[in-house]
Amino acid sequence: MLVSLWCCLYTATLHAKDYIDIEWTQLMPADDLAALMNPPEFIVDIEDGTAQDSVAALSELSKGNDTATRFKEALQSSRVIRAFNDQDIRLPGFIVPLESDENQRVTAFFIVPYFGACLHLPPPPPNQIVYVEYAKGVELPSLQDPFWFEGTIIIDQTENDLGSSAYTMKLDSVRPYEG
């Protein structure tokens, strides 16, 4: 009996994954992050929800302004960090539902770094959005609820009306975020 228990524990240990905790900024190239952290000065004067509060308007406003052009490029960047491909990671984030099952459990969704992403313009860049299909589904009482996601991240683009992702995750587990 003791040998059987030891064998079960040993086998479970062999199959347990060691997830790497990552931050969202690690999923984007350093120059994209630097561009996003250095927005053009005129951005602060743009009122939320106005016609100028969009990537399309930024295209017009950025003409002749290298900082604004690079900022706009970073907002649309699909450039990824190849070293993360096929890695087992743990990532905190929020769910943007795309599909649900008959029990109202979310079965396809984007993981995003902050609440309200994809619902407000501009959405995060594709290299800051992760697509998930999860047959078990996730109960989502509120869009404001953060979660921990564990799984294997893959470099793979997904396009949707709500946004584009540069990564996909084969999700192993999801649980409420507890700092």
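The rules behind each value
Along each chain, residue indices are assigned from 1 in the same order as the chain's sequence is written. Only residues with pLDDT of 70 or above have their local features reported here, since the model is predicted, and side-chain atom pairs are shown and tallied only from 80 upward, although totals for entire chains, interfaces and linings are computed over all residues. Side-chain calculation: all heavy atoms of the structure are included, whereas hydrogens and water are not. Counting from the N terminus, the helices are the DSSP runs of H or I reaching at least four residues and the strands are the DSSP runs of E reaching at least two. To sort residues, take the accessible area from a 1.4 Å probe on protein chains only and compare it with the maximum for the residue type: under 20% means buried, over 50% means exposed, and anything in between is partly exposed. Throughout, a residue-residue contact means that at least one pair of heavy atoms, one from each residue, lies within 4.5 Å. A 1.4 Å probe and the Shrake-Rupley method give the accessible areas. Residues count as covered only by the protein chains that appear here. Within 6.5 Å between ring centres, the rings of Phe, Tyr and Trp (the latter by its six-membered ring) count as paired, and their orientation is classed by plane angle as stacked under 30 degrees, edge-to-face over 60, tilted in between. In this scheme, strands are said to pair when DSSP sees at least two bridges between them. We count a salt bridge whenever a side-chain nitrogen from Lys or Arg sits within 4 Å of a carboxyl oxygen from Asp or Glu. Confidence scores here are pLDDT values: one per residue, from the predictor, ranging 0 to 100. Here, the term nonpolar core denotes a set of buried Ala, Val, Leu, Ile, Met, Phe, Trp, Tyr and Cys residues that are joined through side-chain atoms within 4.5 Å.

## Comments concerning the overall build of the chain
Move 1: From N to C terminus, the chain includes four helices and six strands.
Move 2: Sequence-ordered secondary structure for the chain, helices as α and strands as β, is α-β-α-α-α-β-β-β-β-β.
Move 3: Sorting the 179 residues of the chain into buried and exposed places 40% on the buried side.
Move 4: The contacts of the chain with a sequence gap of at least 6 include a subset with a gap of at least 24, amounting to 66%.
Move 5: Counting every atom, the chain has about 10,600 Å² of accessible surface; 53% of that belongs to carbon and sulfur.

## Focus: the packing of aromatic side chains
Move 1: Counted under the stated rule, the structure contains five aromatic pairs.
Move 2: On the basis of an interplanar angle of 40 degrees and a centroid distance of 6.0 Å, the ring pair of F109 and F149 is categorised as tilted. Here F109, found in strand β3 (residues 106-112), pairs with F149, found in strand β5 (residues 146-160); they are 40 residues apart in sequence, far enough to count as distant. The same class applies to F109 and to F149, which are both buried.
Move 3: Between the aromatic rings of F110 and Y131, the centroid separation amounts to 6.0 Å while the plane-to-plane angle is 70 degrees, which identifies the pairing as edge-to-face. With F110 in strand β3 and Y131 in strand β4 (residues 130-138), this pair connects stretches of sequence that are 21 residues apart.

## Structural notes on the pairing of β4
Consecutive side chains of a regular strand alternate in pointing toward one face of the sheet and then the other.
Move 1: Where β3 lies against β4, five bridges are found, and the strand directions are antiparallel. In the strand pairing of β4, F109 is matched with V132.
Move 2: Bridge count between β4 and strand β6 (residues 163-176): three bridges; the pairing is parallel. When the bridges of β6 are listed, V132 appears paired with M169.

## Remarks on the pattern of salt bridges
Side chains bearing opposite charge may pair, as long as their charged atoms lie close to each other.
Move 1: Summed over all chains, the structure comprises eleven salt bridges.
Move 2: In this structure, R70 engages E73 in a salt bridge whose closest nitrogen and oxygen atoms are separated by 3.7 Å. Note that R70 and E73 are positioned in helix α4 (residues 66-75) at a spacing of three residues, about one turn of the helix.
Move 3: On the accessibility criterion, R70 (23% relative accessible area) is partly exposed.
Move 4: One salt bridge connects E150 with R90, and the closest N-O pair in it is separated by 2.6 Å. Here E150 is found in strand β5, whereas its partner R90 is found in strand β2 (residues 87-100), with 60 residues between them in sequence. Across this residue pair, the class does not change: E150 and R90 are buried.

## So, unusual backbone geometry
Trans peptide bonds make up the majority, and among non-glycine residues the majority have a negative phi.
Move 1: The phi angle at D86 is positive, at roughly 65 degrees, despite the residue not being glycine.
Move 2: Looking at where D86 falls in the secondary structure, it is placed in the loop between α4 and β2.

## A word on the confidence of the model for the chain
Move 1: On average, the chain scores 86 in pLDDT, and the residues at 70 or more come to 87%.
Move 2: Contacts of residues 1-14 to residues separated by more than four positions or lying in other chains number zero contacts, the stretch itself having pLDDT below 50.

## Let's talk about the nonpolar core
Move 1: In this structure, L27, F109 and V130 are the most contacted members of the largest nonpolar core, which totals 23 residues.
Move 2: With residues near it in sequence (within four places) discarded, L27 still touches I22, R79, V80, I81, F84, L91, N127, Q128, V130, I153 and Y167.
Move 3: Core analysis: the next-biggest nonpolar cluster, separate from the first, contains seven residues, V96, F110, V112 and I129 among them.

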